[in-house]
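Read off the chains here:
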Amino acid sequence: MSDKSNLQNPLLDEVLAHYERGLEAERLSKRTNPIELVLVRTQELLSRYLPPPPAVIFDVGGGSGIYACWLAQLGYKVHLIDAVPLHVEQARSASQLQPDYLLASAEVGDARQLNQANNSVDAVLLFGPLYHLIERSDRIAALREADRVLKSGGLVFAVACSRFASLLDGLFRGWLDDPEFVEIAHQDLLEGQHRNPSNHPAYFTTAFFHHPDELKAEVEEAGLSCEKLLAIESPVLLRDGDFP
């Protein structure tokens, strides 16, 4: 277990407010084609690279449990943490709906300070922390924590939002006609720091958008080896899908 001092919730107030609206579980589970393709693509990649069950998986920033519960059904022992209390409640409820495949645990937690012993899990999923930890030092800390809890030979699956997400989304949706969105997209391209000062419901919330080379550099600085960079979404999905 990490011996770091206690940290505040890593999510900014506007990010917590965004997710406490309770829309994330609906977004990930609705059966519109682009979102379904993203879900299936992610599941396919996990199935390709994960060790076989009953390996131990730590789903860090696991949201409402859509991947954790699916993995539990496959026979994995899955621990989930998330910084949003509502998400943890939703994950526990989803777990109870599959009593033969319960999650091993679901708790409120911080990606930068994992409540897990050294060398104790076979794989770590980071499907949200790297874009909601807007400071590079915090992202490095989260990656180092993932490395700490991994067994020898374990794997980290880390998801990042593309530096070009706002530009592509704006082109497909016509949002580049909105000067407010143009400023958002411009800032994203310059620094990767995505901000939505008016809290426009369609323009996502505070986040960091990576360039691929930047993501690789952070992974390696944390002491991990970047084995592969793989695409999950593409401009094709933006035609009808949600903000990346």
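Criteria and cut-off values
Residues numbered from 1 in each chain as written. Predicted model: local features only at pLDDT ≥ 70, side-chain atom pairs only at ≥ 80, totals over all residues. Heavy atoms only, no water. Buried < 20%, exposed > 50% of the residue type's maximum accessible area, 1.4 Å probe, protein only. Helix = DSSP H or I, 4+ residues; strand = E, 2+ residues; numbered from the N terminus. pLDDT = per-residue confidence, 0-100. Contact = heavy atoms within 4.5 Å. Salt bridge = Lys/Arg side-chain N within 4 Å of Asp/Glu carboxyl O. Pairing = 2+ DSSP bridges. Axes fitted to C-alpha atoms, helices over the stretch in contact; angles between N-to-C directions. Parallel < 35°, antiparallel > 145°, perpendicular 65-115°, else oblique. Left-handed = near helix turned anticlockwise from the far one by under 90°. Nonpolar A, V, L, I, M, F, W, Y, C, P; charged D, E, K, R; others polar.

A.B. asks: Honestly, helix 4 (residues 66–73) in this entry has me stumped. Any pointers?
C.D. replies: Since there are 3.6 residues in each turn of an α-helix, residues three or four apart along the chain are aligned in direction. Among the 8 residues of helix 4, 6 are classified as buried, and the element is accordingly described as predominantly covered. Every buried residue of helix 4 is accounted for by Tyr67, Ala68, Cys69, Trp70, Leu71 and Ala72. Directly beyond the C-terminal end of helix 4, a positive phi value near 105° is found at Gly75.

A.B. asks: Explanation requested: the confidence of the model for the protein in the structure shown.
C.D. replies: Residues shown with low pLDDT carry predicted positions that ought not to be read at fine detail. Considering every residue of the protein, the mean pLDDT works out to 89; 86% of them sit at 70 or more. Of the regions scoring below 50 in pLDDT, residues 1–6 engages in 16 contacts with residues more than four places distant in sequence or in other chains. Low pLDDT, under 50, characterises residues 239–244; the predicted model gives this stretch 23 contacts beyond four residues in sequence or across chains.

A.B. asks: What's the story with the pattern of salt bridges in this structure? I'm lost.
C.D. replies: Proximity of charged atoms lets side chains of opposite charge pair with each other. Per the stated rule, a full pass over the model turns up 13 salt bridges. In this structure, Glu44 engages Arg48 in a salt bridge whose closest nitrogen and oxygen atoms are separated by 2.9 Å. Here Glu44 and its partner Arg48 are both found in helix 3 (residues 33–49), 4 residues apart, which amounts to about one turn of the helix. For Glu44, a relative accessible area of 33% puts it in the partly exposed group.

A.B. asks: What's the story with the sheet that holds strand 4 (residues 121–126) in this structure? I'm lost.
C.D. replies: Each strand in a sheet pairs with its neighbour through backbone hydrogen bonds, running either in the same direction (parallel) or in the opposite one (antiparallel). A sheet is described by the order of its strands in space; here 5 strands give the open sequence 3-2-1-4-5, paired in parallel fashion. Every interior strand has two partners, whereas the edge strands, strand 3 (105–108) and strand 5 (150–158), have only one. Sheet twist, expressed as the mean angle between neighbouring strand axes with direction ignored, is 15°. Looking at chain direction, strand 4 and strand 5 are connected through 5 bridges and run parallel. Paired with Leu125 across the bridge in strand 5 is Phe157.

A.B. asks: Would you take a moment to explain the packing of helix 7 (residues 136–149) against helix 10 (residues 212–221) for this structure?
C.D. replies: In a packed pair of helices, the relevant descriptors are the angle between the two axes and the axis-to-axis distance. For the pair helix 7 and helix 10, interaxial distance at closest approach is 8 Å and the crossing angle is 55°. One finds that helix 7 runs oblique with respect to helix 10. When you trace helix 7 past helix 10, the crossing you get is right-handed. Contacts between helix 7 and helix 10 pair Arg136, Arg139, Ile140, Leu143 and Arg144 from the former with Ala217, Glu218, Val219 and Glu221 from the latter. When the residues that make up the contact of helix 7 with helix 10 are grouped by side-chain class, the tally is 4 nonpolar, no polar and 5 charged.

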